[in-house]
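# Fold and geometry: a report
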Amino acid sequence: MALLLFGSFIILIFLGVPIAFSLGLSSVLYLIVADIPLTILPQRMFGGLNSFVLLCIPGFILAGNLMNAGGITDRIIGFADNLLGRVRGGLGLANVGASMGFAGISGTALADTASIGSILIPAMKKQGYGAGFSVAVTASSSTIGAIIPPSLPMIIVGTLASLSIGDLFLAGTIPGILLGLGLMIPTYIISVKRNYPKGEKKSFKEVWKSFTGAFWALFMTFIILWGILGGYFTPTEAAIVAVIYAFIIGIFVYKELPIKKIPEIMLSTMTSTAAIMLLVGFANLFGWIMVAERIPQMVADTILGISTNGVVVILLIIVLLLFVGTFMETIAGLVILFPVLLPVAMEVGMDPIQFGVTMVLAMIIGVVTPPVGVCLFVASQIGNVSMGTATRELLPFLAVSLIVLLLVAFVPQVTLFLPGLFE
């Protein structure tokens, strides 16, 4: 029966059926063949969605959409370009820097790719950067959006294991910064090697002016963390505070958020939220079937049967996650695999918060790796280059991402230092 579940799921994926419906259809097929009443379908889907914390997802999505429509993207890019643009490959470095700033707004990799990529990929190509290089920088740096708080995948992980969302947000801060700084290294080296252009040196006054322009947007991350960690509001309430803050900044500070665009923003938010919630619901049903088939125990026994050495076990988990991430959407993978692999990680002494960040980072790398690689696909479409060309250019950036992933997995203080300060 387990073969039927996974076989049908894989077939549907390769037929191009969206991941949410692939999970749902394979689960329904299993229920029919196993002669289990279909009434279990809505029960398990609702059970996976019946969480107060999940209510913060539409809030953070709406806040990000409001800030983006209110001119935030241009301001963050402008600040990053003024700060980094004077060195060789400065616009590429500004691309990474803008992703680090935008990460505190969007919470997702795809939003980062679409918003920043639509501006910077054409700009980089116009200045003489290679199209494949521009795409690779944009796609790889977009993964920062799911690591630096607020992070939608971190919210999912916290919900699944009843972990502190505030601790997860803090735990992702240092890895996110390391990832951003790390991605700047190949960006600079390749730019020097290929003699890509550099911009004019900006005065301190110009840099400061661009910073003050982006400040109110960047400040939203501080408000979210301060409110959650200070006990002033829950993650769900923080999302609502972020919406109100984004609305005020867009209307009264930046004055670029048209009131008539609010309905369109609301519709976009509802569409994105519905897609995520449908995915979470079907993934929860799929996960319940896996538990019924004792698949988590089988996976744990298999991994621990290969080795009980902590280093080997963690490496095996990472390899599994990287493989799954190449074809499965991040949130679906988290809902299905996190409850399965968490006990294994804890068995070899890994902290749940550390493992949560490790799993999010490992899965998010999948959004830039074929065959699915949705962020790489979107960036390639914007840059008008083939997936093959983009993938070849991506390799140095992928190597940096893997190094950061190993640091997160094997150096606990990378993730646990900041949460430890607030205990």
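Relevant structure appears above.
Scope of this entry: the structure provided in the associated data block. (Residues numbered from 1 in each chain as written. Predicted model: local features only at pLDDT ≥ 70, side-chain atom pairs only at ≥ 80, totals over all residues. Heavy atoms only, no water.)

### Digging into the overall build of the chain
Counting secondary structure elements, the chain contains 20 helices and 0 strands. Whereas a compact globule of 423 residues would reach a radius of gyration of roughly 22 Å, the chain reaches 21 Å, a difference of no more than 12%. In terms of overall dimensions, the chain has C-alpha extents of about 70 × 45 × 45 Å along its principal axes. Of all intrachain contacts in the chain linking residues separated by at least 6 positions in sequence, the fraction that spans at least 24 positions is 79%. Within the structure as shown, the chain displays about 17800 Å² of accessible surface, and the carbon and sulfur contribution to it stands at 69%. Taken together, the 18 basic and 17 acidic charged side chains of the chain have centroids lying 18 Å from each other. (Helix = DSSP H or I, 4+ residues; strand = E, 2+ residues; numbered from the N terminus. Rg over C-alpha atoms; globule rule 2.2 N^0.38 Å. Contact = heavy atoms within 4.5 Å. Areas by Shrake-Rupley, 256 points an atom, 1.4 Å probe, with all protein chains shown as cover. Lys, Arg positive; Asp, Glu negative; His and termini not counted. Charge placed at Lys NZ, Arg CZ, Asp CG, Glu CD.)

### Thoughts on the environment of F79
By secondary structure assignment, the location of F79 is in helix α5 (residues 72-84). Residue classification places F79 among the buried positions, given a relative accessible area of 17%. Distance from F79 to F211, taken between C-alpha atoms, is 5.5 Å for residues 132 residues apart in sequence. Those residues in contact with F79, other than ones at most four positions away along the chain, are V207, S210, F211 and A214. (Buried < 20%, exposed > 50% of the residue type's maximum accessible area, 1.4 Å probe, protein only.)

### Quick notes on the side chain of S27
Considering the arrangement of structural elements, one finds S27 in helix α2 (residues 19-33). Within the structure, the side chain of S27 is placed 2.7 Å from the backbone oxygen of L23, a separation counted as a polar contact. The contact partners of S27, leaving out residues within four places of it in the chain, are L5, F282, L285, F286 and I289. (Polar contact = N/O pair within 3.5 Å; in protein donor to acceptor, adjacent residues only side chain to side chain.)

### Considerations on a nonpolar patch on the surface
Residues F215, W216, I240, I244, F247, I248, F252, V253 and I259 make up a contiguous nonpolar surface patch of roughly 820 Å² in combined accessible area. Of all the secondary-structure elements, those providing two or more residues to the nonpolar patch are α11 (204-229) and α12 (235-253). Ranked by residues supplied to the nonpolar patch, first place goes to α12 with 6 residues. Structurally, V253 can be placed in helix α12. Since its relative accessible area comes to 36%, V253 is described here as partly exposed. (Patch = residues over 30% accessible without salt bridge, like charges linked within 9 Å, V, L, I, M, F, W, Y side chains within 5 Å. Salt bridge = Lys/Arg side-chain N within 4 Å of Asp/Glu carboxyl O.)

### Quick word on α11
Taken as a whole, α11 carries its principal kink of about 50° at F215. Residues of α11 that are buried: V207, S210, G213, A214, A217, M220, T221, I223, I224, L225, G227 and I228. Looking at the residues trailing α11, positive phi occurs at G231, about 80°. (Bend = angle between axes of the 7 residues up to and from the residue.)

### Regarding the pattern of salt bridges
Side-chain pairing between opposite charges can occur once the charged atoms of the two side chains come close. Here the structure, examined in full by the defined rule, presents 2 salt bridges. The partner of E256 in a salt bridge is R75, with the nearest N and O atoms 3.1 Å apart. One end of the pair, E256, is in the loop between α12 and α13 (262-292); the other, R75, is in helix α5, and 181 residues separate them in sequence. R75 gets classed as partly exposed once you look at its relative accessible area, which sits at 23%. Here E393 ties to R194 by a salt bridge, and the two come within 3.2 Å at their closest N and O atoms. In this pair, E393 is assigned in helix α19 (residues 387-410) and R194 in the loop between α10 (165-193) and α11, connecting sequence segments 199 residues apart. Look at E393 and you get buried, because its relative accessible area is 17%.

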